[in-house]
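Per-entry structural report
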Amino acid sequence: MSWTLLDRCCDKCMHSPENPCPDYIECRLSGPLCHDDERCRELRRRRLEELRYGERGAKIKVPVTSCALAAGADAVYRAVKDAVEKMDFEATITISGCYGLDFIDPWVELAAKEMPTAIYASVKPGDIPRILEEYFIKRDVSGAFALKERMGTASGEDKVPLLSELSFWAKQYRWVSRNCGVVNPESLEEYVASGGYGGLSRALKIGPEKVIDEIQRSGLKGRGGAGFPTGLKWKFTRQQAATPKYVIANAHEGDPSVFVNRLLAESDPFRIIEGLTIAGYAIGANKGYVFVGAEKPLMAERLRKAVEEAKRYGFLGRNILASGFDFGVEVVLSAGAYVSGEETAIIAAIEGKRAWPRQRPPYPSERGLWGKPTVINNVETLAHAATIMAEGAEKFAAVGTEKTKGTKMFCVTGAVKRVGVYEVPIGTSIRVLVEELAGGAPESVRIKAVHVGDPAGGCIPVNLLDLPLDDEVLQGAGATIGSGGVVVISDKNCIVDVAKFYLSFALAESCGECIPCRVGLRVMYGVLDKITKGEGAEEDLQVLKQVAEVVKSTSLCALGGTAPNPVLSTLRHFMDEYLAHVSEKRCPASVCSALRARAG
Amino acid sequence: MISLVKVKIDGKVVEVEPGTTVLAAAEKAGVEIPRLCVVPGLYEGSSCRLCLVKNPAGRLFPSCNYRVYRDEEFLASTPDLWEMRRVNFELLLKFHRIECWACERKSSCPLVELSKELLVDGIPVCSECPLPPSECLLLKGELCLGMITQSGCNAECLVSGGECWGCRGPITREDILERAFARYRELGFDVKDVISKVEIYWNSAPGFATVKKVAEGVASRG
């Protein structure tokens, strides 16, 4: 294997994981720092170019993530391999993460020296030989979906738009997802080449107090749904006298239509591990856990590989970058129930108990894993923390709203043209996300509502689409950003049916520990079922509302505390549709089959 | 010497050791808080959600496992708290197989006690009957209406040696009625006799239609 960026450049470099150099990271990109040698500089320059264009000046990138694989990326990968062999033509084939643009899956990205990098969308295995020939031999990019830059060297360049000019890219603010789709998620070298581990390197130099200070200054809040200020959480935990302390990365994304964390972990896992390491350093922990659902094997695999690689190069282990800080990470698989992503349930699961939540307080920051102070952060939050440490709090806080800074990745699904994951500043309007980024509704339907926040969130009617994606405002309208799930509901969907769907999910996932959630959700589901079967009465709506409110306020954990939101928000904004079901025995969207016949 | 903390519950102040649960403090203050699941030291998982209290800011805490470490104030008896308890208790009863006539717990049953406290209907007179299941009047061939009658009278008639005549009105939950009528039949009673006995009192009672419907259903099963 040839020299990689992570190797020593010459005998003068003394770095090794056993004998680490504090400036290792900085030295990779702008080195050598401890000695001056043009050959060593040249080595780095050449390697960076190789990473971009491959060792032989031609590079083919195929996304290998759950969403791309679902669209057939594995067949495309094989086709690329076959084609390259048959064409007797030398190119480096690598895997990559996903841009989050699921509507172009599976795609391939081709790069060559003195050629604009081109993305080909929705490719089929059969198209591969033709695409490769056009790009690499004929130097024609006219069949591409988008170009990363214009160079005037290939034919057909002016016929293809630049990625950065396309609305779904231009309107994004790719801060934490910057590497998604760009780097090979299994290569630590590519992560470092993209600026990775700069955050940890800086954190280790400024000390834990200043790290917490910086995170507090950035205004970062938890991205898992609850929105608790991250810096404050770290500070509380650091202040606890009890030791040892622990950090846990919550990679257990259980929401039915959200794949933000999965995309991030499958496309840029090192950022999460880096963030976890920074969190551990800040609070004084030496052990971290990544808690990931067993139903997402590729995500777990990527995180595990990332931990192994980081260990191999001394980013985990003893005396990290000569700072005296020791840190180890273990990837723990969950059994996969939705409720096991609740923080106290995660603790129970890691301790080997049944993964169900317990009453807080005491909060994990006080009494968490093994009864010790513990920080639990969502993986997106940790990735943000790593990026903030590298780029600085001010840059992060430059976007967002007065009270909530920065960006959030949103997963837009449902009745839109461009299903995908988009990262936008907090406070961007729902309309921009749904219409400009996700392309609005397909021609045959109209948008009726947007469900924000998945099972924990609520339905926002179409006339309120200009509301900003900001919890301060959304909560007033009965929704929440939650984990970032945005489901667009069209006029072909029945709102009662939608509420029933979300409720059926929560009902199935309720752990049964407390009465309101275990029984209340069942009773609510029974009422909705009656209504969709045309057997509902107006009094039922009163019962529904009353039980929903009690479940919301008295449940033990956030599952029951938020599960009634879809019902309450639809009752609030779509009462007419409920009334059509119970009083007129009519389903306006013609979805409820028992009622459709009578709609006349 | 540990310094005590002051806990104010419904206006009454007590001093307790830090780490005491609100429930224990309330007991000391003489404030009654309903609860079902807690067994101090054994189970404090706050599953029943009946013992919820709130602080003046309106935040809810389960009193069984929320421990006080500093001076704090709680409200335990506001109308909204009682309403939440009532709804949750009703939810709990909904999936409880009510069969008081065959149950050994009878008057020592916390559900029966709570149903009186929370004014929740749906528990039959059998729950208050002084006779153990083995001496049930039905076994002696006497047509007692306890199984299908709303409790709350402390089973006056049974205490004084007679049978229940159903004067407090019918139980309306169909699953209880189903089991009750099935038992009447099992013990050799004619369902029609049961109905004609209650007709005197229940003819205009809300829920009588349900009783008749269930009775007919059971009778038609041959």
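Conventions used here
- Residues numbered from 1 in each chain as written.
- Chains lettered and ligands numbered in written order.
- Predicted model: local features only at pLDDT ≥ 70, side-chain atom pairs only at ≥ 80, totals over all residues.
- Helix = DSSP H or I, 4+ residues; strand = E, 2+ residues; numbered from the N terminus.
- Rg over C-alpha atoms; globule rule 2.2 N^0.38 Å.
- Buried ≥ 20, exposed ≤ 12 C-beta atoms within 10 Å, placed from the backbone.
- Contact = placed C-beta atoms within 7 Å.
- Core = buried A, V, L, I, M, F, W, Y, C linked by C-beta atoms within 7 Å.
- Nonpolar A, V, L, I, M, F, W, Y, C, P; charged D, E, K, R; others polar.
- Pairing = 2+ DSSP bridges.
- Expected span 1.5 Å × (residues − 1).
- Arc of directions from axis to C-beta.
- Domains from an automatic or database assignment.
- Axes fitted to C-alpha atoms, helices over the stretch in contact; angles between N-to-C directions.

1. Let's talk about the overall build of chain B
Within chain B, the regular secondary structure consists of seven helices and seven strands. Its C-alpha radius of gyration of 22 Å places chain B more than 25% over the 17 Å reference for a compact globule of 222 residues. Seen through its principal axes, chain B has C-alpha atoms that stretch 70 × 30 × 25 Å. Within chain B, the proportion of its 222 residues that are buried is 34%. Across chain B, contacts joining residues at least 24 apart in sequence account for 54% of those joining residues at least 6 apart.

2. Let's talk about the nonpolar core
With 221 residues, the main nonpolar core has Leu 303, Val 412, Leu 433 and Val 488 of chain A as its most contacted residues. Ranked by residues supplied to this core, first place goes to helix α12 (residues 269-283) of chain A with nine residues. Setting aside residues up to four positions removed in sequence, Val 488 of chain A forms contacts with Val 412, Gly 414, Ala 415, Val 416, Val 434, Ala 441, Ile 447 and Val 450 of chain A. Residues Met 147, Leu 158, Cys 164 and Phe 181 of chain B belong to the second largest nonpolar core, which totals 29 residues.

3. Description of the interface of chain B and chain A
Taken together, the contacts link 16 residues of chain B with 15 residues of chain A. Those elements that place two or more of their residues in the side of chain B that touches chain A are β5 (60-62) and α2 (79-94) of chain B. Examining the composition of the side of chain B that touches chain A, we find that six residues originate from one element, α2 of chain B, more than from any other. Split into classes, the residues belonging to the side of chain B that touches chain A amount to nine nonpolar, five polar and two charged.

4. Some remarks on the pairing of strand β14 (residues 485-490) of chain A
Residues and elements named next belong to chain A. Most of β14 sits inside the fold, with five of its six residues counted as buried. With four bridges joining them, strand β10 (residues 407-414) and β14 adopt parallel strand pairing. What sits directly across from Cys 411, in β14, is Gly 485.

5. Section: the environment of Pro 206 of chain B
Assignment of secondary structure puts Pro 206 of chain B in the loop between α6 (191-202) and α7 (208-220). Along the chain, Pro 206 of chain B and Cys 153 of chain B lie 53 residues apart, while their C-alpha atoms are 19 Å from each other.

6. Structural notes on helix α4 (residues 73-86) of chain A
Residues and elements named next belong to chain A. A rise of 1.5 Å per residue sets the reference length of α4, with its 14 residues, at 20 Å; its end C-alpha atoms lie 20 Å apart and thus fit the reference within 8%. Every buried residue of α4 is listed here: Ala 73, Val 76, Tyr 77, Ala 79, Val 80, Ala 83 and Val 84. For α4, the buried positions fall inside an angular range of 165° around the axis, keeping them on one side. Residues of α4 that are exposed and point over 90 degrees away from its buried face: Glu 85 and Lys 86. If you follow the buried residues of α4, they end up packed against β1 (58-63), α3 (66-70), β2 (92-96), β3 (108-112) and α5 (128-137). At the exit of α4 stands Asp 88, carrying a positive phi of roughly 55°.

7. What to know about the domain arrangement of chain A
All names here are of chain A. Looking at chain A, the domain boundaries give domain 1 (58-165), domain 2 (188-397), domain 3 (407-490) and domain 4 (495-599). With centres defined by C-alpha atoms, the gap from domain 3 to domain 4 works out at 21 Å. Element by element, the count of residues in the side of domain 3 that touches domain 4 is highest for strand β13 (residues 458-461), at three residues. Its residues placed into classes, the side of domain 3 that touches domain 4 shows seven nonpolar, four polar and no charged.

8. Examining the sheet that holds strand β7 (residues 72-74) of chain B
All names here are of chain B. Taken in spatial order, the three strands of this open sheet run β2-β1-β7, and their pairing is mixed. With partners counted over all chains shown, the strands left at the sheet margins are β2 (12-16) and β7, one partner each. If you compare each strand with its neighbour and ignore which way they point, the axes differ by 25° on average. The pairing of strand β1 (residues 5-9) with β2 spans five bridges and is antiparallel. Its bridge partner being in β2, Ile 9 is matched across the sheet by Lys 12. Each of β1, β2 and β7 touches helix α1 (residues 22-29); the most contacted strand, β2, lies at about 120° to it.

9. Structural notes on the domain arrangement of chain B
Taken domain by domain, chain B consists of domain 1 (5-78) and domain 2 (96-220). Averaged C-alpha coordinates put domain 1 of chain B and domain 2 of chain B at centres separated by 37 Å.

10. Considerations on the sheet that holds β2 of chain A
Residues and elements named next belong to chain A. As summarised here, the arrangement of the five strands in space is β2-β1-β3-β4-β5, forming an open sheet in which the pairing is mixed. Each of the sheet's edge strands pairs with one partner strand only, and the pair in question is β2 and β5 (146-147). In the sheet, β3 pairs with strand β4 (residues 118-120) via three bridges, with the strands oriented antiparallel. Residue Leu 110 lies in a different strand from β4, and its bridge partner there is Ala 118. Against the sheet, α4 engages β1, β2 and β3, with an angle of about 160° to β1.

11. Considering unusual backbone geometry
Residue Asp 105 of chain A is joined to Pro 106 of chain A through a cis peptide bond whose omega torsion reads -15°. Checked against the element boundaries, Pro 106 of chain A lands in the loop between β2 and β3. Unusually for a residue other than glycine, Ser 46 of chain B sits at a positive phi of about 50°. By the element assignment, Ser 46 of chain B lies in the loop between α1 and β4 (52-54). With a phi close to 55°, Leu 119 of chain B is a non-glycine residue in the positive phi region. Inspection of the secondary structure puts Leu 119 of chain B in the loop between α3 (110-117) and α4 (156-159).

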